Amino acid sequence: MKVKPSGYSSVEFSDACLLQYLERPDTPYCTQEVALEGVWEKYNNNHGLVISNPTPDGTDHDVIQAFSHWTHYVTDGQMVVVDCQGVFNKSKNAFLLTDPALHC
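This is a predicted model, so every value here is computed, not measured. (Residues numbered from 1 in each chain as written. Predicted model: local features only at pLDDT ≥ 70, side-chain atom pairs only at ≥ 80, totals over all residues. Heavy atoms only, no water.)

Chemist: Before we move on, could you go through the overall build of the protein and cite the residues and values that matter?
Modeler: Regarding its fold elements, the protein presents 1 helix and 8 strands. Moving toward the C terminus, one meets the helices and strands of the protein in the order β-β-β-β-α-β-β-β-β. Principal-axis analysis of the C-alpha atoms gives the protein an extent of 50 × 35 × 25 Å. Restricting to contacts in the protein with at least 6 residues of sequence separation, those with at least 24 account for 50%. (Helix = DSSP H or I, 4+ residues; strand = E, 2+ residues; numbered from the N terminus. Contact = heavy atoms within 4.5 Å.)

The following block contains the structure:
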């Protein structure tokens with residue numbers, strides 16, 4: 001479901017790949033993402049911290065906090081996405097996030 005008021009930044013997540021090392025003992029797994037370009041920021045964490053400072057270019061983080069709240073609302077309080085961190089892409093007007101925590 002996509003819900004975003006016009007004029008506000010988008011919230012996106014980077015793609016992740018699952019890798020299996022076939023040549024290593026027990027063929028372990030790992031995940032991999034592309035390196036994000038831009039200024040890395042933490043927007044909230046999984047202990048209740050909310051970082052409300054704007055991005056270096058002045059973009060407000062409120063959309064990230066609204067996204068976390070929205071995930072709690074649309075799951076009827078069953079889940080919430082927190083530990084939001086990543087970069088802001090000004091040309092796309094989008095926050096690109098990685099490595100979220102899902103509380104259930």
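Chemist: If you had to explain the pattern of salt bridges to someone new, which residues and values would you point to?
Modeler: Applying the stated rule across the entire model yields 2 salt bridges. A salt bridge links E12 to K92; its shortest N-O distance comes to 3.2 Å. In this pair, E12 is assigned in strand β1 (residues 10-13) and K92 in the loop between β6 (85-89) and β7 (94-97), connecting sequence segments 80 residues apart. Between D83 and K42 there is a salt bridge, with the nearest N and O atoms lying 2.2 Å from each other. One end of the pair, D83, is in the loop between β5 (80-82) and β6; the other, K42, is in strand β4 (residues 41-42), with 41 residues separating them in the sequence. (Salt bridge = Lys/Arg side-chain N within 4 Å of Asp/Glu carboxyl O.)

Chemist: Talk me through the pairing of β6; I want residue IDs and the actual numbers.
Modeler: Consecutive side chains of a regular strand alternate in pointing toward one face of the sheet and then the other. Across the 5 residues of β6, 4 count as buried, placing the element largely inside the fold. In this structure, the hairpin formed by β6 and β7 is closed by a connection of 4 residues, where N93 is found at a positive phi of approximately 50 degrees. (Buried < 20%, exposed > 50% of the residue type's maximum accessible area, 1.4 Å probe, protein only. Pairing = 2+ DSSP bridges.)

Chemist: Would you mind going over the sheet that holds β6 in detail, with residue names and values included?
Modeler: The sheet built from 4 strands is open, its strands ordered β1-β7-β6-β4 with mixed pairing. Edge positions in the open sheet fall to β1 and β4, since each of these has one partner strand only. Summarising the sheet, β1 and β7 pair through 4 bridges and their orientation is parallel. Bridged to F13 within β7 is L97.

Chemist: Can you tell me about the nonpolar core, naming the residues and giving the values?
Modeler: Listed in full, the 9 residues of the largest apolar core are Y43, V63, I64, F67, V81, C84, F88, F95 and L97. For this core, the elements supplying multiple residues, two or more each, are α1 (62-74) and β7. Residue contributions to this core peak at 3 residues, all from α1. C84 has contacts with K42, Y43, N44, I64, S68 and L97, leaving out every residue within four places of it along the chain. (Core = buried A, V, L, I, M, F, W, Y, C linked by side-chain atoms within 4.5 Å.)

Chemist: Provide a residue-level description of the environment of V74, including the pertinent values.
Modeler: For V74, the position within the fold is in helix α1. The exposure class of V74 is partly exposed, given its relative accessible area of 35%.

Chemist: Tell me about the packing of aromatic side chains, residues and numbers included.
Modeler: Applying the stated criterion to the full structure yields 4 aromatic pairs. Their ring planes at 85 degrees and their centres at 5.3 Å tell us that Y43 and F95 sit as a pair that is edge-to-face. Of the two residues, Y43 is situated in the loop between β4 and α1 and F95 in strand β7; the sequence distance between them amounts to 52 residues. Across this residue pair, the class does not change: Y43 and F95 are buried. Of the aromatic side chains, those joined through ring pairs into one cluster are F13, F67 and W70. A cation over an aromatic ring shows up here: R24 above the ring of Y21, its NZ or CZ 4.2 Å from the ring centre. (Phe/Tyr/Trp six-rings, centres within 6.5 Å; stacked < 30°, edge-to-face > 60°. Lys NZ or Arg CZ within 6 Å of the ring centre and 35° of its normal.)

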